[in-house]
2 protein chains.
Amino acid sequence: MSKGEFDFIDRIRTAFATPLAEGFVGIGDDCAILPTEGDHDWLISTDMVIEGVHFLRHDATPEDVGYKSAAVNISDIAAMGGEPVATFLSIALPKDAQGEWAERFIEGYRTISERYGVALLGGDTTSSVRDIAINVAIVGRCKRGTALLRSGARVGDTIYVTGPLGNSGAGLRAILEGIERTVEVERLIQSHYRPTPRIAEGQQLGLSGRAHAMMDISDGIASDLGHICKASGVGAQIELDKLPLSTELQTLCAQQGWSATSLAASAGEDYELLVVGTPDLAQHIDCPLYPIGRITEGTSIEWLSEGRKVEFSQKGFTHF
Amino acid sequence: MSKGEFDFIDRIRTAFATPLAEGFVGIGDDCAILPTEGDHDWLISTDMVIEGVHFLRHDATPEDVGYKSAAVNISDIAAMGGEPVATFLSIALPKDAQGEWAERFIEGYRTISERYGVALLGGDTTSSVRDIAINVAIVGRCKRGTALLRSGARVGDTIYVTGPLGNSGAGLRAILEGIERTVEVERLIQSHYRPTPRIAEGQQLGLSGRAHAMMDISDGIASDLGHICKASGVGAQIELDKLPLSTELQTLCAQQGWSATSLAASAGEDYELLVVGTPDLAQHIDCPLYPIGRITEGTSIEWLSEGRKVEFSQKGFTHF
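Residues numbered from 1 in each chain as written. Chains lettered and ligands numbered in written order. Predicted model: local features only at pLDDT ≥ 70, side-chain atom pairs only at ≥ 80, totals over all residues. Heavy atoms only, no water.

Colleague: Pulling in residues and values, what's your account of the relation of the copies chain A and chain B?
Modeller: At an RMSD of 0.0 Å, chain A and chain B line up after a rotation of 180 degrees and a shift of 0.0 Å along the axis. Taken together, the rotation angle and the small translation identify this as a two-fold axis. Residue Gly38 of chain A, judged by its C-alpha, is the member of chain A lying nearest the rotation axis, at 2.8 Å. Same-surface contact between copies: 100% of interface residues of chain A are shared with the interface of chain B. (Least-squares fit on C-alpha atoms with pLDDT ≥ 70 in both. Contact = heavy atoms within 4.5 Å.)

In structure tokens form, the structure reads like this:
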């Protein structure tokens, strides 16, 4: 749910003179890391969900908003290789959402929290004047020193994703364009409203010793891979033909004349994991892992289709 | 900044079936407690600040809003006897607040963060449609097992506060009524916009072994003391004549015909600590501690003025 973000926190972090203590990791990764004296590091992240920016009250059910508000935060813990422990829910509700809407929101929030064994440890409730504002802060943990940052990618590493891409983007487009809700279209819409945080996969990858960098796919790999490359000081080459695509996505895209590849690469909100590791990583992990490219020298991201370089822009991919 | 809250989180916590692990403390205190294997417990709290509910953009400077957003969270750590470590700032800004307003907000946020040695470890920035929404999550820590909860008050204990009450409420009233800003009035307004979290005091009290329950005064002792009594299963008796009042408050109240006692007991947002402990506690602490009453059997709060019972209501105190 990072649509509408602008680069503000990033700009101000340099303004903060307080240096971090040893072992702490701050702004710039999916979670901050707070080391303890014990066997675990704590992972903390926070995400805001704003009516009119991240959801429209007449499109999303309250249950879906509740589910997704927790899901995107749990996914931030997955992105570090951690297990979620507890959330803190702040919610500002205008008068017309303080009754049924709120109850149903909590129902969705609770559903995913119980599914992942995450406690609700605190929060804040307040009125708002007009729009609903939600903030979730999440605490997770991982074995000491095993958290996977964005900065560990090495030249020669393989780039993987944990599942099909583009489903969420196609689901959103189906909602916005009012496309008839067949069983397949409903499945894509579910991917948008109820993404699956890859906790078990993230933990396996974190403990494998063969994964070097990881994040979750919130903005689409075209954008997210840039964060890993920048943090690691490397470039990347992606083979677009290898992006895993679901049957539902391919069927709908064929019907509507949409580019499945563009949705898969840039629509975002899939919340699959984007993983960089050794070329043999998949053999040491018992969850699906799809190789989609490799880490290169330099700083740029190259896109290949049928062996030829293609250019990526707002309009999608075009051959040179 | 708890104005406008309604009892929603409290109602839903029972709906959460996930039981808490040993040593964890969840909803119902100033902070949640997350135990570690080491010498410290982690303390976590979160507070939301909404335009039009907690501040008006034309009254408060952006610096003040930034300062107070961090201050009220730091105060939650003080209320447990902890030291603040880091904050996570989420901020949703409409287009007309994304430039200068945001920069100045951060200036105030940074000022108090540096004063208390608190790092900014993460956050989220997003657009909003119309109103500014801010959420701060804070992480602090205290020596293992020393966090002061609301539930430890015992019959016979003395009730204390760490400083004068009512300044913030008088400052807010002066703003709202457009009262001439003399030096004294400015000081009261500063108490409202830039409260002082009592971190050093809270830590001393937490380590004293003689303080049994504590919280910070956000809604006024008339309301806040009720939380301690309910959590501890006790009653209380307050001597209104003992409430510490600043000279500025007394002067302004005399001029305007306001009741200083009512402001001190019920206006809130003073962010002094409300402490319950042994009758000799003040002798073991080297910060100001004002005894204002005692813990009694039963469940009710009695108010005394000049030795006689008085009744507290929305309109203030009235003799029986």
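Back to the write-up after that little detour.
Colleague: For the interface of chain A and chain B, give the residues involved together with the corresponding values.
Modeller: Facing the 70 residues of chain A at the interface are 70 residues of chain B. Between chain A and chain B, roughly 6000 Å² of surface is buried when both sides are summed, and carbon and sulfur atoms account for 69% of that area. Here chain A and chain B share two salt bridges between them. A salt bridge links Arg130 of chain A to Asp131 of chain B; the nearest nitrogen and oxygen atoms lie 2.7 Å apart. Run the count over chain A and chain B and you get twelve residue pairs in polar contact (both at pLDDT 80 or more). It is strand β4 (residues 119-127) of chain A that provides the largest number of residues to the side of chain A that touches chain B, a total of nine residues. (Buried area = accessible area lost by both parts, 1.4 Å probe. Salt bridge = Lys/Arg side-chain N within 4 Å of Asp/Glu carboxyl O. Polar contact = N/O pair within 3.5 Å; in protein donor to acceptor, adjacent residues only side chain to side chain. Helix = DSSP H or I, 4+ residues; strand = E, 2+ residues; numbered from the N terminus.)

Colleague: Give me the lowdown on the pairing of strand β10 (residues 290-296) of chain A, citing residues and values where you can.
Modeller: Residue and element names in this part refer to chain A. Where strand β6 (residues 158-161) lies against β10, four bridges are found, and the strand directions are antiparallel. Bridged to Val161 within β10 is Tyr290. Bridge analysis of strand β8 (residues 235-239) against β10 gives four bridges, and the strand direction is antiparallel. When the bridges of β10 are listed, Ala236 appears paired with Ile295. (Pairing = 2+ DSSP bridges.)

Colleague: Let's hear about the sheet that holds strand β2 (residues 40-50) of chain A: which residues, and what values?
Modeller: Residue and element names in this part refer to chain A. The strand order across the open sheet formed by five strands is β1-β2-β5-β3-β4, and the pairing between neighbours is mixed. Of all the strands in the sheet, just β1 (32-35) and β4 have a single pairing partner and so form its edges. Between one strand and the next, the sheet's axes are offset by a mean angle of 20 degrees, whatever the strand orientation. Bridging between strand β3 (residues 83-93) and β4 involves eight bridges; their strand directions are parallel. Within β4, the position partnered with Ser90 by the bridge is Asp124. Sheet strands touched by helix α2 (residues 62-78): β2, β3 and β5 (133-143). Its angle to β5, the strand with the most contacts, is close to 35 degrees. (Axes fitted to C-alpha atoms, helices over the stretch in contact; angles between N-to-C directions.)

Colleague: So what's going on with the environment of Glu37 of chain A? Residues and values would help.
Modeller: Within the secondary structure, Glu37 of chain A sits in the loop between β1 and β2. Exposure remark for Glu37 of chain A: the relative accessible area of 43% places this residue in the partly exposed category. (Buried < 20%, exposed > 50% of the residue type's maximum accessible area, 1.4 Å probe, protein only.)

Colleague: Report on the sheet that holds strand β3 (residues 83-93) of chain B, specifying residues and quantitative values.
Modeller: Neighbouring strands of a sheet are bound in pairs by backbone hydrogen bonds; such pairs are parallel or else antiparallel. Residues and elements named next belong to chain B. Spatially, five strands are ordered β1-β2-β5-β3-β4 in an open sheet, and the strand pairing comes out mixed. Either end of the sheet is taken by a strand with one partner, and the two such strands are β1 (32-35) and β4 (119-127). Looking at each pair of strands side by side, their axes are set apart by 20 degrees on average, direction ignored.

Colleague: Explain the packing of aromatic side chains to me, and be specific about the residues and the numbers.
Modeller: Following the criterion strictly, the structure yields six aromatic pairs over all chains and no others. Between Trp101 of chain A and Phe105 of chain A, the ring centres sit 5.5 Å apart and the planes meet at 20 degrees, which makes this aromatic pair stacked. Here Trp101 of chain A pairs with Phe105 of chain A, and both are found in helix α3 (residues 100-115), just four residues apart, close to one helical turn. Taking the relative accessible area as the measure of exposure, Phe105 of chain A reaches 0% and is therefore buried. Look at Phe105 of chain B and Tyr109 of chain B: their rings are 6.0 Å apart centre to centre, the planes differ by 25 degrees, and that puts the pair in the stacked class. Remark: Tyr109 of chain B and Phe105 of chain B occur in helix α3 (residues 100-115); sequence separation between them is four residues, near one turn of the helix. For the pair formed by Phe105 of chain B and Tyr109 of chain B, the shared burial category is buried. Put simply, the rings of Phe55, Trp101, Phe105 and Tyr109 of chain A pair up and form one aromatic cluster. (Phe/Tyr/Trp six-rings, centres within 6.5 Å; stacked < 30°, edge-to-face > 60°.)

Colleague: So, the packing of helix α4 (residues 167-176) of chain A against helix α5 (residues 183-193) of chain A: which residues are in play, and what are the values?
Modeller: Residue and element names in this part refer to chain A. Following both chains from N to C, one finds α4 and α5 inclined at 110 degrees, their axes separated by 7 Å at the closest point. By the angle between their axes, α4 is roughly perpendicular relative to α5. Here Asn167, Ser168, Ala170, Gly171, Leu172, Ala174 and Ile175 of α4 lie close against α5, whose contacting residues are Val185, Leu188, Ile189, Ser191, His192 and Tyr193. Within the contact of α4 with α5, the residues separate by chemical class into eight nonpolar, five polar and no charged. (Parallel < 35°, antiparallel > 145°, perpendicular 65-115°, else oblique. Nonpolar A, V, L, I, M, F, W, Y, C, P; charged D, E, K, R; others polar.)

Colleague: Quick one: what's the story with the side chain of Ser128 of chain A, residue by residue and with numbers?
Modeller: In this structure, Ser128 of chain A sits in the loop between β4 and β5. A polar side-chain atom of Ser128 of chain A sits 2.7 Å from the main-chain carbonyl oxygen of Asp131 of chain A.

Colleague: Please give an account of α5 of chain A that cites residues and values.
Modeller: All names here are of chain A. Taken together, the buried positions of α5 are occupied by Val185, Leu188, Ile189, His192 and Tyr193. All buried residues of α5 fall inside an arc of 135 degrees around its axis, so they share one side. Tucked inside the fold, the buried residues of α5 contact α2, α4 and α8 (247-256). (Arc of directions from axis to C-beta.)

Colleague: I'd like to hear about the state of the cysteines, residue by residue, with values.
Modeller: On inspection of all chains with the given rule, the structure shows zero disulfides over all chains. Here Cys287 of chain A stays unpaired: no disulfide links it, and the sulfur of Cys142 of chain A, its closest cysteine neighbor, is 17 Å away. (Disulfide = S-S within 2.5 Å.)

Colleague: Report on unusual backbone geometry, specifying residues and quantitative values.
Modeller: All names here are of chain A. One non-glycine residue, Tyr271, adopts positive backbone phi at about 55 degrees. Inspection of the secondary structure puts Tyr271 in the loop between α9 (260-266) and β9 (273-277). For Tyr271, a relative accessible area of 2% translates into the label buried. A positive phi angle, close to 50 degrees, is found at Glu306, a residue other than glycine. Within the secondary structure, Glu306 sits in the loop between β11 (301-305) and β12 (308-313).

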